[in-house]
Amino acid sequence: MSVPSVVPSPPAGDELPAWLRPRIPTSFTPLSAPIRLCCIMQKGGSGKSTAAVCLACELALMGKRVRLWDVDAQLGGATHWLNPDTGDQRGEPANLLHMLKGEASPDEVTYPTSVPGLYVVPSYTSLKQIELDSPPGLEQGIEWGINNTSEPFDVEITDCGPSLGRLTIAALVGTPNVIIPLKASGFDLNALTELNRTLDLTKSRVKPDLQVTAVLLSEVLKSNLTQAVFDAMCGDYPEALIMGIRQSVKVREASLDSIRKPLHDYAPDATVRQDFQYLAATLAGQEAT
Ligand SMILES: Nc1ncnc2c1ncn2[C@@H]1O[C@H](COP(=O)(O)OP(=O)(O)O)[C@@H](O)[C@H]1O
Ligand SMILES: [Mg+2]
């Protein structure tokens with residue numbers, strides 16, 4: 001594992017509006033390679049796929065070799081948005097389900113996208129089967145895939161589904177730097193408590209190096225509620241980067257059926273893009289592109 005001899009300091013965030021200034025704890029250091037990030041929150045619509053896809057794109061644009069794992073059986077996540085080039089195949093291409101069942105290798109389920117340097121492991125609704133079949137060792141499946149890839153990636157990101165089942169645990173085990181996206185407007189303390197319990201259990205039983213790296217307040221608007229949730233998250237996750245991702249119709253449009261383009265292609269100047277560029281640069285300890 002290559003660790004930079006001098007850890008660069010994170011960007012200052014001066015380019016963001018004052019009300020959106022991120023909280024970077026003094027203990028925060030950019031992640032050293034290989035970077036392994038898990039976008040998790042068991043509530044649907046909290047901004048996981050948006051964060052995973054936009055972050056993956058920005059890291060790829062920074063020159064990193066990035067792989068995004070779609071760990072959600074529901075349609076509408078990373079596979080749909082990035083539409084990986086699975087070639088001319090009849091039926092469903094080899095995907096995460098096949099790898100987890102031992103029917104395809106990690107290389108066989110990794111496909112290029114229109115973004116240079118960005119690859120996707122796709123999933124389809126058939127992925128639901130895996131939790132019903134419940135094969136032994138499922139929790140180690142994604143970590144195994146990452147470790148058994150012929151050409152390793154600089155960055156591995158998992159985009160979880162809305163559950164805390166065995167598949168999500170597999171994502172946590174494979175990618176233990178946790179990013180929690182949540183909507184300030186729908187803040188749900190019970191959901192967060194349940195998530196923290198899962199994170200603690202996974203950390204103590206299977207993955208001691210698991211840690212909450214960032215909490216993202218998705219679709220933020222300038223409001224007292226945003227500030228209150230921001231302050232609460234700063235208290236609850238003292239070691240994590242806390243920041244807002246601005247609300248933008250562009251990011252919503254980019255993933256629509258009729259458009260399906262990465263945000264940087266569809267709306268390169270959208271302000272929300274600055275938020276993801278800032279996040280990518282801070283996590284990787286590099287200048288934003
Ligand atoms: N910053 C944002 N501004 C506007 N819409 C957003 C933003 N982030 C996410 N959305 C929209 O919210 C919906 C849910 O987001 P998504 O990332 O799919 O959540 P999850 O993966 O947690 O279910 C999508 O329609 C998405 O386009
Ligand atoms: Mg999603």
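As a convention, each chain's residues are numbered from 1 in the sequence order in which they are written. Chains and ligands are labelled sequentially in the order written, the chains with letters from A and the ligands with numbers from 1. Restriction of local features to residues with pLDDT of at least 70 applies here, the model being predicted, together with a cutoff of 80 or more for giving and counting side-chain atom pairs; totals for whole chains, interfaces and linings are based on all residues. Only hydrogens and water are set aside; all other atoms, that is, all heavy atoms of the structure, feed into the side-chain values.

If you look the protein up in an unreviewed UniProt entry, it shows as ATPase involved in chromosome partitioning-like protein from Streptosporangium roseum.

### As for the site of ligand 1
Heads up, the rule is: Proximity is defined per residue: any heavy atom of the residue falling within 4 Å of a molecule or strand makes that residue near it. Any pair of N or O atoms that falls within 3.5 Å is considered a polar contact. Within protein, one atom must be able to donate a hydrogen and the other to accept it, and sequence-neighbouring residues count only if both atoms are side-chain atoms. Methods summary: accessible areas were calculated by the Shrake-Rupley approach with a probe of 1.4 Å, and residue burial reflects only the protein chains presented.
In the neighbourhood of ligand 1, 14 residues make up the surrounding shell, with Gly 45, Lys 48, Thr 50, Arg 246 and Ser 248 lying closest. Between Lys 48 and ligand 1, the recorded distance is 2.8 Å, taken from a side-chain N or O atom to an oxygen atom. Here an oxygen atom of ligand 1 and a backbone polar atom of Ser 49 are 2.9 Å apart. Relative to its unbound accessible area of 560 Å², ligand 1 is 84% covered by the protein chains.

### Side note on the pattern of salt bridges
Selection rule: Salt bridge, as used here: a side-chain nitrogen of Lys or Arg that lies within 4 Å of a carboxyl oxygen of Asp or Glu. Per the convention used, a helix needs a DSSP run of H or I reaching at least four residues, while a strand needs a run of E reaching at least two, with both numbered from the N terminus.
Using the criterion set out here, one finds 11 salt bridges in the structure. Residue Glu 219 is joined to Lys 183 by a salt bridge in which the shortest nitrogen-to-oxygen separation is 3.2 Å. One end of the pair, Glu 219, is in strand E7 (residues 211-220); the other, Lys 183, is in strand E6 (residues 177-183), with 36 residues separating them in the sequence. Across the salt bridge formed by Arg 252 and Glu 219, the nearest N and O atoms sit 3.4 Å from each other. Here Arg 252 is found in helix H9 (residues 249-254), whereas its partner Glu 219 is found in strand E7, with 33 residues between them in sequence.

### Quick notes on the sheet that holds strand E2 (residues 66-71)
As a reminder of what qualifies: In this analysis, strands are considered paired if DSSP registers two or more bridges between them. Here, residues are in contact when the closest pair of their heavy atoms is within 4.5 Å. Lines fitted to C-alpha atoms define the axes here, with helix axes fitted over just the stretch in contact, and angles between the N-to-C directions of these axes take values from 0 to 180 degrees.
In spatial order, the strands read E3-E4-E2-E5-E1-E6-E7-E8; together these eight strands make up an open sheet with mixed pairing. The two strands at the open ends of the sheet, each matched to only one other strand, are strand E3 (111-112) and strand E8 (241-246). Relative to E6, strand E1 (residues 35-39) runs parallel, the two being bridged by three bridges. Across the sheet, the residue bridging to Cys 38 is Val 178, located in E6. Contacting E6, E7 and E8, helix H8 (residues 224-236) runs over the sheet at an angle of about 180° to E7.

### Examining the packing of aromatic side chains
Worth spelling out the cut-off: Any two rings among Phe, Tyr and Trp, with Trp reduced to its six-membered ring, count as a pair given centres within 6.5 Å; such a pair is stacked if its planes are under 30 degrees apart, edge-to-face if over 60, and tilted if neither. Here's how the labels work: a residue is buried when its accessible area is under 20% of the maximum for its type, exposed when over 50%, partly exposed in between, all with a 1.4 Å probe on protein chains only. Definition used: whenever NZ (Lys) or CZ (Arg) falls within 6 Å of the ring centre and also within 35 degrees of the ring normal, the charge is taken to sit over that ring.
If you walk through the whole model with that rule in mind, you get one aromatic pair. Each ring, one from Tyr 119 and one from Phe 153, has its centre 5.5 Å from the other, and the planes form 70°; the classification is edge-to-face. Here Phe 153 lies in the loop between helix H5 (141-147) and strand E5 (155-160) and Tyr 119 lies in strand E4 (residues 118-121), a separation of 34 residues in the sequence. Among the residues examined, Phe 153 registers a relative accessible area of 6% and is labelled buried. Geometry around Tyr 119 places Arg 65 over its ring, the cationic atom sitting 5.3 Å from the centre. Just above the ring of Phe 153 sits the side chain of Arg 65; from NZ or CZ to the centre is 4.0 Å.

### With respect to the packing of helix H6 (residues 166-174) against helix H7 (residues 189-205)
Here is the rule: Any angle that falls under 35 degrees is termed roughly parallel, while one over 145 is termed roughly antiparallel, one within 65 to 115 roughly perpendicular, and all others oblique. By definition, any crossing whose near helix is turned counterclockwise from its far helix by less than a right angle is left-handed, and any crossing with a clockwise turn is right-handed. As a working rule, the residues Ala, Val, Leu, Ile, Met, Phe, Trp, Tyr, Cys and Pro are called nonpolar, Asp, Glu, Lys and Arg charged, and the rest polar, with Gly in that last group.
Contact pair H6 / H7: the axes reach a minimum separation of 11 Å and the direction vectors enclose 55°. Judged on the interaxial angle alone, H7 and H6 are oblique. Considering the relative orientation of H6 and H7, their crossing is right-handed. Of the residues in H7, those touching H6 at Ile 169, Leu 172 and Val 173 are Thr 198, Leu 199 and Thr 202. Classifying every residue of the contact of H6 with H7 gives four nonpolar, two polar and no charged.

### Some details on the environment of Tyr 278
Examined against the element boundaries, Tyr 278 turns out to sit in helix H11 (residues 271-284). Here Tyr 278 falls in the buried class, since its relative accessible area comes to 2%. In sequence terms Tyr 278 and Leu 55 are 223 residues apart; their C-alpha atoms lie 9.5 Å from each other.

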